[in-house]
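# Per-entry structural report
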Amino acid sequence: MDLLALADFNLVARHGGFGKASRAAGRPKATLSRRVSELEASLDLRLFERGTRAMKLTEEGRALFERTSQLLTELDETTAAIASGGQHPRGRLRISAPLLFSQTAMGKIAAGFALKYPDVQLEVTTEDRSVDMIEEAYDLVIRVNPDPDESLIGRVFLRDRLVVVASPDLIPPADGLIVPAVVRGPVRQDEAWNVTTSTGRLKMTVNPVLILSSLIMVKDAVCMGVGAARLPVSLVSRELTNGSLVHWGDVEGPEIALWTLYPTRRLLSARVSAFVDYLKDAFPNGTPDELAAYLKE
């Protein structure tokens, strides 16, 4: 198989069309089209469905892209490493991270990593959805309690827990009573929080007085005294310490675990390894207290 033609195919697949790939790489559109056509002819397969306004990968094209894009990346990285005389991290590193972690910690993490590894071009996007790492060309994703995925490997680097907090002016409810609540996103009519307090277990029936799209917004609203909320303890550690918020109890349920995930492969790129190690150094024990202390620095 012609590796150059395969590389051109990957370029077009990654950018979603000949025109975009041509502009991104500074290569003639006609050359890319010819090389991909030659690859299709050699494989006796159609790799793209070409429409009047758009083109997309066929099932065979998607399979070829998923199985060869990382191999070509590793080949480029290996060549660059040998040429530079070592495994010094370099090149582009694309990361997808969840909204709250990005808003509170990712800017500082990204800046520190960039200072330590100036030859790495770090690109971080913020989104809570599950991205397609291969098709969207991400090298690493950070996710909260991700669903199992056999195509990805990774590890937990941080743990957190949810607590119910409120302004000191609000009186904690008795078991089963309605709580004015600030929530993120829609809630069910019968929404209730099961909470463990210093005196035992408590069920809080929720009356959402505010529905917001960001936990940062939720915290700010709770500090104004409009209602109680479930929030990560690392996010409200400062307010609990200075008394502007009080702790009503710990939310029962699974812990919050932040994972670093990347495609399963034998060789992990030097820049991905460097970023994973950087997170490990920033949060050696991965506890909520470490994250809270990092946010206060």
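Structural data are supplied above this passage.
Computed from a predicted model, the values in this text were never measured in an experiment.

This part covers the overall build of the chain. For the chain, the count of helices and strands is nine helices and 13 strands. A globule of 297 residues ought to have a C-alpha radius of gyration of about 19 Å, yet the chain, at 24 Å, is considerably larger. Each principal axis of the C-alpha atoms in the chain carries an extent, and together these give about 75 × 45 × 30 Å. For the chain, the residues scored as buried account for 43% of the 297 residues in total. For the chain, the accessible area works out to roughly 16,200 Å², and carbon and sulfur atoms hold 53% of it. Separation between the mean location of the 35 positive side-chain charges and that of the 38 negative ones in the chain comes to 4 Å.

Scanning all chains against the criterion turns up 15 salt bridges. Measuring nitrogen to oxygen at the nearest pair gives 3.1 Å for the salt bridge that ties E127 to R129. Where D128 meets R184, a salt bridge forms, and the shortest distance between an N and an O atom there is 2.7 Å. Of this pair, D128 sits in the loop between β4 (120–126) and β5 (140–144) while R184 sits in strand β8 (residues 178–184), placing them 56 residues apart in sequence.

Each pair of packed helices can be described by the angle between their axes along with the distance between the axes. Taken N-terminus to C-terminus, the directions of helix α1 (residues 3–15) and helix α3 (residues 29–43) make an angle of 115°; their axes are 9 Å apart at the nearest point. For the pair α1 and α3, the sense of crossing is left-handed. Only L32, R35, V36 and L39 of α3 make contact with α1, whose side of the interface consists of L4, A5, L6, D8, F9, L11 and V12.

Analysis parameters
Within any chain, residue numbers begin from 1 and follow the written order of that chain's sequence. pLDDT decides what is reported in this predicted model: residues at 70 or higher carry local features, side-chain atom pairs at 80 or more are listed and counted, and totals for whole chains, interfaces and linings draw on all residues regardless. Only hydrogens and water are set aside; all other atoms, that is, all heavy atoms of the structure, feed into the side-chain values. To qualify as a helix, a DSSP run of H or I must reach at least 4 residues; to qualify as a strand, a run of E must reach at least 2; elements of each kind are numbered from the N terminus. With C-alpha atoms as the basis for the radius of gyration, the globule rule is written as 2.2 Å multiplied by the number of residues raised to the power 0.38. Partly exposed residues are those whose accessible area sits between 20% and 50% of the maximum for their type, while under 20% is buried and over 50% is exposed, using a 1.4 Å probe and protein chains only. Per-residue and other accessible areas were derived by the Shrake-Rupley procedure at a 1.4 Å probe size, with only the shown protein chains allowed to occlude residues. Note on charges: Lys and Arg go in the positive column, Asp and Glu in the negative column, and His and the chain ends are not counted at all. Charge positions are represented by NZ for Lys, CZ for Arg, CG for Asp and CD for Glu. By salt bridge we mean one thing: a side-chain nitrogen of Lys or Arg within 4 Å of a carboxyl oxygen of Asp or Glu. Convention adopted: a line fitted to C-alpha atoms gives each axis, helices being fitted over their contacting stretch, and angles between N-to-C directions are expressed from 0 to 180 degrees. In this scheme the crossing of two helices becomes right-handed for a clockwise turn of the near helix relative to the far one and left-handed for an anticlockwise turn of less than a right angle. Pairs of residues are marked as contacts when any of their non-hydrogen atoms sit within 4.5 Å.

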